[in-house]
Amino acid sequence: MEIDFYNAGMNAYATKRFEEAYEWFSKGESDSRCIFALATLHYNGEGVERNFAKSTELYANAAEAGILPAQVSAGFAYANAMGVPEDFDRAAYYLKMAVAQGEPAAKVTLAEIYAKGYAGGSRKEAAELIREVLSSTGGEEAYDVYNRYDLGNVK
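Note that the structure is predicted; figures quoted are calculated from it, not measured.

1. A few points about the pattern of salt bridges
Then, number 1: Tallied over the entire structure, the rule returns 7 salt bridges.
Then, number 2: Here R33 makes a salt bridge to D31, at a shortest N to O gap of 2.7 Å.
Then, number 3: Taken together, the shared-partner salt bridges in this structure form one network comprising D4, D31 and R33.

Pasting the structure below:
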């Protein structure tokens with residue numbers, strides 16, 4: 001019988017046994033869910049010393065494997081220099097993966113990058129992304145980006 005390292009790690013995590021969770025997730029390094037979980041432990045400093053550079057590296061690996069929250073996290077990390085140099089092109093790369101899956105938080109962050117004039121995006125694209133979010137889920141952050149960058153006047 002094969003051990004499911006991810007589920008074993010999640011069982012430990014659920015009961016706040018973070019060091020044990022870290023050990024289980026580390027054994028499942030070929031499982032993208034385990035990679036994402038390790039990234040989260042590094043980001044939060046649970047069971048391991050907080051390390052944004054390591055969490056971003058792991059989020060990026062999990063993002064490439066198709067893990068939606070990792071795509072958002074990697075994009076956010078590069079957009080906000082979380083343990084890595086600010087890199088709007090790399091941020092957009094990961095955020096576009098999540099936007100393709102309809103993720104509102106990724107749309108908001110990508111819209112802000114575009115509204116600032118980075119990553120080859122336009123204010124028109126920024127406005128379209130924000131309008132999508134506002135028409136579906138809304139949210140204070142989406143309204144903030146909409147107003148801060150005056151996207152209501154963009155056609």
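Additional details are given in the paragraphs that follow.
2. Observations concerning the nonpolar core
Then, number 1: Core analysis: the biggest nonpolar cluster contains 48 residues, and F25, Y94, L110, I113, Y114, I130 and L151 have the highest contact counts within it.
Then, number 2: Elements with a contribution of two residues or more to this core: helix 2 (18-27), helix 3 (32-44), helix 4 (52-64), helix 5 (68-79), helix 6 (88-99), helix 7 (104-115), helix 8 (123-136) and helix 9 (140-148).
Then, number 3: In terms of residue count, the dominant contributor to this core is helix 6 (8 residues).
Then, number 4: With near-sequence residues (within four places) excluded, Y94 lies in contact with A60, A63, E64, Q71, A74, G75 and Y78.

Calculation criteria
- Residues numbered from 1 in each chain as written.
- Predicted model: local features only at pLDDT ≥ 70, side-chain atom pairs only at ≥ 80, totals over all residues.
- Heavy atoms only, no water.
- Salt bridge = Lys/Arg side-chain N within 4 Å of Asp/Glu carboxyl O.
- Core = buried A, V, L, I, M, F, W, Y, C linked by side-chain atoms within 4.5 Å.
- Buried < 20%, exposed > 50% of the residue type's maximum accessible area, 1.4 Å probe, protein only.
- Helix = DSSP H or I, 4+ residues; strand = E, 2+ residues; numbered from the N terminus.
- Contact = heavy atoms within 4.5 Å.

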